[in-house]
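Analysis of the macromolecular model
For reference, the chains in residue letters:
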Amino acid sequence: MLDINLIRRDPHLVRSALVARNEDPTLVDRVLEIDARWRALLTQVEELRAERNRVSREIGRMKDPAQREPLIAQMRAVGDRIAELEDQVRAAEIERDDLLLRLPNLPHPSVPIGPDERHNVIVQQWGEPRLFEFDPLPHWDLGPELGILDFERGVKLVGSRFYVLWGVGALLERALIAWMLHVHTHEHGYTEVYLPFVVKRECLVGAGQLPKFEDNLYHDVEDDIWLVPTAEVPLTNLHRDEILPPDALPLKYVAYTPCFRRERMSAGRDIRGIKRGHQFDKVEMYQITTPETSYDALEEMLEHALDLCRRLEIPHRVVQLCTGDLGFAAAKTYDIEMWAPGCGEWLEVSSISNCEDFQARRANIRYRPEPGARPRFVHTLNGSGLALPRVVIAILENYQQPDGSVLIPEVLRPWMGGLERIG
RNA sequence: GGAGGGAUGGCCGAGCGGACGAUGGCGGCGGUCUUGAAAACCGCUGUGACCGGAAUGGUCACCGGGGGUUCGAAUCCCUCUCCCUCCGCCA
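The text that follows walks through the structure, step by step, so that each part is easy to find. Given the structure is predicted, the values throughout are model-derived calculations rather than measurements. (Residues numbered from 1 in each chain as written. Chains lettered and ligands numbered in written order. Predicted model: local features only at pLDDT ≥ 70, side-chain atom pairs only at ≥ 80, totals over all residues. Heavy atoms only, no water.)

**A short note on the overall build of chain A**
- Secondary structure assignment for chain A yields twelve helices and 18 strands.
- Referenced to the eigenvectors of the C-alpha coordinate spread, the extents of chain A come out at roughly 100 × 45 × 45 Å.
- Taking all 423 residues of chain A together, the buried fraction comes to 50%.
- The contacts in chain A between residues at least 6 apart in sequence include a share of 74% that link residues at least 24 apart.
- Counting every atom, chain A has about 19900 Å² of accessible surface; 51% of that belongs to carbon and sulfur.
- Distance from the positive charge centre (51 side chains) to the negative charge centre (67 side chains) of chain A: 5 Å. (Helix = DSSP H or I, 4+ residues; strand = E, 2+ residues; numbered from the N terminus. Buried < 20%, exposed > 50% of the residue type's maximum accessible area, 1.4 Å probe, protein only. Contact = heavy atoms within 4.5 Å. Areas by Shrake-Rupley, 256 points an atom, 1.4 Å probe, with all protein chains shown as cover. Lys, Arg positive; Asp, Glu negative; His and termini not counted. Charge placed at Lys NZ, Arg CZ, Asp CG, Glu CD.)

Here you go:
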């Protein structure tokens, strides 16, 4: 959520940010109009409440009923008027907040301006795509042939975009999770967290998925419980409504969770293989920092994710997203893409974002800079480290051999009982 | 799932219709005293919103959440959530 004071003070800045994101800039004017109405009504209510408080205190002190009666009658009328105005204030507040909750974050000045992903900027690349002496297969052929990936059973159990991993395929998935968690906790300084995979509605508002992106979420109607689309949601809400003490920051968390997404918006896209499923595993890095240090933390998290990519020895590149491709809550985002020679595309295996105080405002996460000082909003950052199925794709397709077997990356072998090869 | 008891400021704990944003204690901060420290004593000690150029300024709201009764609610009523105890069930 944007600071309403910023919108009041500098509406032009917010309008141009919305334009850069392909959003309607007149939203700003609607917010300002409702906000002005809200403030006018609020002033009225508060003046009437002050009067009622004052007179009610007087009534309490009076003993003579004859004196009290007229004042009580008078205050009853004031009370009715207050109730009317309160309804109007509440209505204006709801309308304003609903708009405010739908405004995306402001892009950081370093973000390239552009309408869509064609304007993203490749900022670095590691490794060269391997030269194959045969036609590399896509993972949707390799996996089933190796007997580790089963699309039919997934469809049988749930439907399209679900799959089953068998044997070494399941082991590979589990090894990746364990290895990534190990590196982040032992070498990158993160604390591992095991989280609920479902959350209540307000957590999704806090992290920015609601009210705008309800379409993409699975939801239990009976209890109003929602499956997490990413660990970022529960991680953001861990400290919701808290004031963190001085010296608490930065907080660095890492969590494995499955992620659940309906993918309604992407119907028909990426239907082959395991690139885009309704359920996938992800290890997520998360940091809560002071406003002064969040951009250093962003670079640090990018480095932590790249470290994993290099150790897996898979060619990859870093892409900086332009304004038009930026996620709703993000001020600045780097994607990491791994090369997949079988399906012939760069796969997004990580997305690392600084949300600045956008989520902190929604989730009301603050910190106290000094003992006794006024609380300030924290900055929150999230980054995949890494998203599993796409790493599995990259491993299968990059490490495939002419005989149809797949070598296991060196770093993962200790996590797979010393296994060197699949098939 | 059944029966009962709770939820108050950083913590403990009073208050059960009228000057309560809330007695008291602990903790924390500042001061007096002291070579220094402790003890003792004194003072301060929540969050947010609105108005205002600003104030050590004014007003409003907040005693788990929401709603109601009343001139007036931390206090009364309804409802939801969570916690505790006992019973049942179970990984």
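Next, the rest of the story.
**A closer look at the packing of aromatic side chains**
- The full count for this structure, using the stated rule, is five aromatic pairs.
- Ring centres of F132 and F134 lie 5.4 Å apart, and the angle between their planes is 85°; on these two criteria the pair is classed as edge-to-face. There is no split in this pair, since F132 and F134 are both buried.
- Ring centres of F213 and F328 lie 5.3 Å apart, and the angle between their planes is 75°; this geometry places the pair in the edge-to-face category. Of this pair, F213 sits in the loop between α8 (201-207) and β6 (219-220) while F328 sits in the loop between β11 (316-320) and β12 (332-340), placing them 115 residues apart in sequence.
- According to the relative accessible area criterion, F328 is buried, its value standing at 10%.
- Taken together, the ring pairs connect F213, F328 and F358 into an aromatic cluster.
- The positively charged end of R96 is found above the aromatic ring belonging to W38, 4.3 Å away from the centroid.
- Sitting over the face of the ring of Y190, K252 holds its NZ or CZ atom 4.9 Å from the ring centroid. (Phe/Tyr/Trp six-rings, centres within 6.5 Å; stacked < 30°, edge-to-face > 60°. Lys NZ or Arg CZ within 6 Å of the ring centre and 35° of its normal.)

**A few points about the pairing of strand β13 (residues 345-354)**
- Relative to β13, β12 runs antiparallel, the two being bridged by nine bridges. When the bridges of β13 are listed, W339 appears paired with W346.
- Remark: four residues form the turn of the hairpin made by β12 and β13, two consecutive strands paired antiparallel; G344 in that turn has positive phi of roughly 70°.
- Taken together, the three bridges between β13 and strand β16 (residues 379-387) define a ladder with antiparallel strand orientation. Across the sheet, residue N354 finds its bridge partner in β16, namely L381. (Pairing = 2+ DSSP bridges.)

**What to know about the sheet that holds strand β15 (residues 376-377)**
- Ordered by their spatial adjacency, three strands build an open sheet running β8-β14-β15, and the pairing between neighbours is mixed. Edge positions in the open sheet fall to β8 (242-244) and β15, since each of these has one partner strand only.
- As judged from the three bridges shared by β8 and strand β14 (residues 365-367), these two strands associate in the parallel manner. Note on β14: the bridge partner recorded for E242 is I365.

**Re helix α3 (residues 26-61)**
- The first and last C-alpha atoms of α3 sit 53 Å apart over 36 residues, in line with the 52 Å expected at 1.5 Å per residue.
- Regarding α3, the residues found buried are L27, V28, V31, I34, D35, W38, L41, V45, L48, V55 and I59.
- Along its buried surface, α3 packs onto α1 (4-9), α2 (11-20) and α4 (65-100). (Expected span 1.5 Å × (residues − 1).)

**Quick notes on the sheet that holds β16**
- Spatial strand order, β1-β11-β12-β13-β16-β10-β9-β4: eight strands in an open sheet with mixed pairing. With one partner strand each, in any of the chains shown, β1 (121-126) and β4 (191-192) form the two edges of the open sheet.
- Lying on the sheet, helix α7 (residues 168-186) is in contact with β4, β9 (251-260), β10 (279-289) and β16; it crosses β10 at an angle near 10°.
- Each of β1, β9, β10, β11, β12, β13 and β16 touches helix α10 (residues 294-312); the most contacted strand, β16, lies at about 5° to it. (Axes fitted to C-alpha atoms, helices over the stretch in contact; angles between N-to-C directions.)

**Quick word on the environment of D35**
- The topology assignment puts D35 in helix α3.
- Overall, D35 belongs to the buried group, its relative accessible area being 0%.
- For the pair D35 and A92, spaced 57 residues apart in sequence, the C-alpha separation works out to 7.6 Å.
- Here R96 takes part through its side chain, which lies 3.2 Å from a polar atom of the side chain of D35. (Polar contact = N/O pair within 3.5 Å; in protein donor to acceptor, adjacent residues only side chain to side chain.)

**A short note on the protein's contact with RNA strand B**
- In the vicinity of RNA strand B there are 22 residues, among which R39, S56, R61, R76 and R366 approach most closely.
- Within 4 Å of the protein, the contacting atoms of RNA strand B are drawn from sugar and phosphate to the extent of 67%.
- A distance of 2.7 Å is found between a base nitrogen of RNA strand B and a backbone nitrogen or oxygen belonging to S56.
- Between a base oxygen of RNA strand B and a side-chain N or O atom of R68, the distance comes to 3.1 Å.
- Secondary-structure elements contributing two or more residues to the surface near RNA strand B are α3 and α4.
- Sort the elements by how many residues they give to the surface near RNA strand B and α3 lands first, with 13 residues.
- Its residues assigned to classes, the surface near RNA strand B comprises seven nonpolar, four polar and eleven charged. (Near = heavy atom within 4 Å. Nonpolar A, V, L, I, M, F, W, Y, C, P; charged D, E, K, R; others polar.)

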